[in-house]
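# Structural features, examined
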Amino acid sequence: MKIKDKISFQSQGFYNLTGQIQENTLLNRGLLDVGGLAIPQMIMSNNKDERIERGTMSAIYFVSSFLAPYVLLPLFNKHFLKTNGIVKDFSTCERRIIEVSKKYLTGDMDFVKGIRDTAKALELEAKKKGQKISVIKDFENILEKFKGKKKEEELKNKLLNAHEGILFSDFLATSLMWCATPWIVMEMTKLRTKRSGFSATYGIVDEKQSKLNAEKHEKEKKKNLLISALLGIIPAIIFPKLVTKGFKDKSGILSSIVKKIPENFNYTKGIFPSKLIFAAIWLLADYPTGIISARDKYERRDRAIRWGANVLVFFCGDAVLNNVFGQLSDRYLGTDIMDKTNFPKGTGFFKKLLMHPKSFPEIETLKNTGIKPELLAKTKNVGAGLYWLTLFANMALLGFAVPKFLNTILKRDLSKQNALPQQSFEPPNQREVFEKFKRTN
């Protein structure tokens, strides 16, 4: 494939489309949910009711995951940029000041230069798409309002405050939607089937036993609903404040952590949360709510393993597989996929596990390093192929391997339960025992 400089990263070719999907955390999660959770796990369900329940839950999660960035984030951005006095006219590109990377807000880099570099990059990107916008001019208008060292520091603090408000609002809205989802779906199942208990056990245990298994859940429902609500609210208050404190503090443990990974708190294009933000909402609100809202011990175990595997695969499995496949490709296919900046030749095996593949925009910039067009083409094609290979491998693991394991242990445990006598033990009448003893002797 011949590479032409005029082909932009934003074009709709297979490679560039793959790159855009890779950058969008929510789209990544959406694809993994549909291909690794919704469809295959419906196929692997034990009965019709479990199938309907899993399908409904996945659909609600999918819709709520995209509701926040596409509908709510633009509103949050506008509100907090306005209330912090940064932008007044939202018909201009001044609103895109929110897209300035947080690495320029740490105090370790030239803040004003970062704003200007961002403006140039956004305008160049628009130009490649054939759009005529004036990001540079509009960003300069903001800088003019905050001229001088003190004013520049004021603008930086105002931006940090705006980001804190946006993160709080996004965290709160998303976590409350996710925390409510299992409760809503379980009530829908109860109304539809007139049964209590974990839907995966329907048809394996009778209705009476299913109700007995869910007795504790019914008794503690109000308390657990309150805990779920608190899980949706409290982390949303604390997490953004800790992040902002990390950016504003000059020293300290929190500051050293946050300032090492500032770009992990960015929202791509100002609306798509990073994997770190996504992980925080998932681990602090969604996952514990899933465990608390479970209807019996079987569903609690199922969610702990199934949802836990989802977290591990999405945030760790992806990185591990990309590392392995990327290193193998560079070694045997001669590609330039892995970022070897801090890993000189001779680096040990275990340290190489910390290496990560270049992002698609980073691969695109290789053409400025004098790389041969054939090698760049191979790197881009193999990089896109490995992305989909990793995604499908994760889908297979989550969609088929994990449910197969869980279904096996569920049926084993329920068969043991069904084999036990369900009636209570009553001691025999002593007189009858004595009379029987006399007759036999």
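Here the structure is shown first, and the text comes after it.
Read on for a plain summary of the structure. (Residues numbered from 1 in each chain as written. Predicted model: local features only at pLDDT ≥ 70, side-chain atom pairs only at ≥ 80, totals over all residues. Heavy atoms only, no water.)

Counting its regular elements, the protein contains 16 helices and two strands. In terms of principal-axis extent, the alpha carbons of the protein reach across some 110 × 55 × 40 Å. Evaluated residue by residue, the protein yields a buried proportion of 47% over its 441 residues. Summarising the internal contacts of the protein: among those between residues at least 6 apart in sequence, 70% fall at separations of at least 24. A total of about 23,900 Å² of accessible surface is found on the protein, and carbon and sulfur atoms cover 62% of it. Taking the average place of the 72 positive charges on the side chains of the protein and the average place of its 45 negative ones, the gap between the two points comes to 1 Å. (Helix = DSSP H or I, 4+ residues; strand = E, 2+ residues; numbered from the N terminus. Buried < 20%, exposed > 50% of the residue type's maximum accessible area, 1.4 Å probe, protein only. Contact = heavy atoms within 4.5 Å. Areas by Shrake-Rupley, 256 points an atom, 1.4 Å probe, with all protein chains shown as cover. Lys, Arg positive; Asp, Glu negative; His and termini not counted. Charge placed at Lys NZ, Arg CZ, Asp CG, Glu CD.)

This part is about a nonpolar patch on the surface. On the surface, a nonpolar cluster with roughly 650 Å² of combined accessible area is contributed by Leu176, Leu226, Leu230, Ile233, Ile234, Ile237, Ile238 and Leu242. The greatest single-element share of the nonpolar patch, amounting to seven residues, is contributed by helix 9 (residues 221–248). By the element assignment, leucine 226 lies in helix 9. The exposure class assigned to leucine 226 is exposed, which follows from its relative accessible area of 53%. (Patch = residues over 30% accessible without salt bridge, like charges linked within 9 Å, V, L, I, M, F, W, Y side chains within 5 Å. Salt bridge = Lys/Arg side-chain N within 4 Å of Asp/Glu carboxyl O.)

Another aspect to go through is helix 12 (residues 297–332). Here helix 12 contains 36 residues, and its C-alpha end-to-end distance of 48 Å stays within 8% of the 52 Å for a straight helix at 1.5 Å per residue. Approximately 45° is the largest bend angle found in helix 12, and it occurs at valine 313. N-cap assignment for helix 12: the residue whose side-chain oxygen lies 2.9 Å from the backbone N of tyrosine 298 is aspartate 296. Positive phi shows up at glycine 334, right after helix 12, with a value of about 75°. (Expected span 1.5 Å × (residues − 1). Bend = angle between axes of the 7 residues up to and from the residue. Polar contact = N/O pair within 3.5 Å; in protein donor to acceptor, adjacent residues only side chain to side chain.)

The tally for this structure, following the rule as stated, stands at 27 salt bridges. The residue arginine 295 makes a salt bridge to glutamate 53 at a minimum N-O spacing of 2.6 Å. Residue arginine 295 is located in the loop between helix 11 (275–292) and helix 12, and its partner glutamate 53 is located in helix 3 (residues 48–83); the two are separated by 242 residues in the primary sequence. Neither arginine 295 nor glutamate 53 differs from the other in exposure class; each is buried. Between lysine 340 and aspartate 330 there is a salt bridge, and its shortest N-O distance comes to 2.8 Å. A residue pair is termed long-range when its members are at least 10 positions apart, and lysine 340 in the loop between helix 12 and helix 13 (349–352) and aspartate 330 in helix 12 qualify at ten residues. Beyond isolated ion pairs, a larger network of salt bridges with shared partners links Glu50, Arg54, Asp302 and Arg306.

Moving on: the side chain of arginine 295. Using a relative accessible area of 5% as the deciding quantity, one classes arginine 295 as buried. A distance of 2.6 Å separates the side chain of arginine 295 from the side chain of glutamate 53, its partner in a polar contact. Only 2.7 Å separates the side chain of arginine 295 from the side chain of glutamate 299, close enough to count as a polar contact. Contacts of arginine 295, omitting those with residues within four sequence positions, involve Glu53, Met186, Thr189, Gly197, Phe198, Ser199, Asn213, Ala214 and His217.

A few words now on the environment of methionine 186. Relative to the elements of secondary structure, methionine 186 occurs in helix 6 (residues 149–193). Spatially, the C-alpha atom of methionine 186 lies 9.1 Å from that of alanine 294, the residues being 108 residues apart in sequence. Excluding residues that lie within four positions of it along the chain, methionine 186 makes contacts with Glu53, His217, Ser293, Arg295, Glu299 and Arg303.

Let us now look at the packing of aromatic side chains. Two aromatic rings are characterised by how far apart their centres lie and by the angle between their planes. Using the criterion set out here, one finds nine aromatic pairs in the structure. A centroid spacing of 6.3 Å and a plane angle of 85° characterise the contact between tyrosine 61 and tryptophan 307, whose relative ring orientation is edge-to-face. You can see tyrosine 61 sitting in helix 3 and its partner tryptophan 307 sitting in helix 12, a full 246 residues away along the chain. Here tyrosine 61 matches tryptophan 307 in class, with each residue buried. Here the aromatic residues Tyr61, Trp178, Phe278, Trp282 and Trp307 are joined through ring pairs into a cluster of three or more. Above the face of the tyrosine 202 ring, arginine 195 is positioned so that its terminal group lies 4.2 Å from the ring centre. (Phe/Tyr/Trp six-rings, centres within 6.5 Å; stacked < 30°, edge-to-face > 60°. Lys NZ or Arg CZ within 6 Å of the ring centre and 35° of its normal.)

Let's shift gears to the packing of helix 6 against helix 9. With their axes 9 Å apart at the nearest point, helix 6 and helix 9 run at an angle of 160° to one another. Here helix 9 runs roughly antiparallel to helix 6, going by the angle between their axes. By crossing handedness, the relation of helix 6 to helix 9 is classed as right-handed. A breakdown of the residues in the contact of helix 6 with helix 9 according to their chemical character gives 18 nonpolar, seven polar and six charged. (Axes fitted to C-alpha atoms, helices over the stretch in contact; angles between N-to-C directions. Parallel < 35°, antiparallel > 145°, perpendicular 65-115°, else oblique. Left-handed = near helix turned anticlockwise from the far one by under 90°. Nonpolar A, V, L, I, M, F, W, Y, C, P; charged D, E, K, R; others polar.)

Across the interface, helix 9 lies against helix 11 with an axial gap of 10 Å and an inter-helix angle of 170°. Taken as axis vectors, helix 9 and helix 11 run roughly antiparallel relative to one another. For the pair helix 9 and helix 11, contact is made by Asn224, Ile227, Ser228, Leu231, Pro235 and Phe239 and by Ala280, Leu284, Ala285, Pro288, Thr289 and Ile292, respectively. Partitioned by chemical class, the residues of the contact of helix 9 with helix 11 number nine nonpolar, three polar and no charged.

Quick look at the side chain of asparagine 394 now. For asparagine 394, the location among the structural elements is in helix 15 (residues 373–419). Ignoring any residue separated from it by four or fewer positions in sequence, one finds asparagine 394 in contact with Leu32, Val313, Gly317, Asp318 and Leu321.

Here we take up helix 3. Here helix 3 is 36 residues long and its end C-alpha atoms lie 51 Å apart, about the 52 Å a rise of 1.5 Å per residue gives. Its axis deflected by about 50° at leucine 72, helix 3 carries its strongest bend there, up to four residues before the proline proline 74. By the N-cap criterion, in which a side-chain oxygen at the helix start approaches the backbone nitrogen of a residue two or three places on, helix 3 is capped by asparagine 47, the distance to aspartate 49 being 3.0 Å. In the segment just after helix 3, glycine 85 is the residue with positive phi, at about 70°.

Let us now look at unusual backbone geometry. Apart from glycine, the bulk of residues carry a negative phi angle, and the bulk of peptide bonds sit in the trans form. Despite not being glycine, lysine 194 has its phi angle at roughly 60°, a positive value. Relative to the helices and strands, lysine 194 resides in the loop between helix 6 and helix 7 (207–213). One non-glycine residue with positive phi stands out, namely lysine 269, at about 55°. Residue position: lysine 269 is located in the loop between strand 1 (267–268) and strand 2 (272–273). On the basis of relative accessible area, lysine 269 is assigned to the partly exposed category, the value being 45%.

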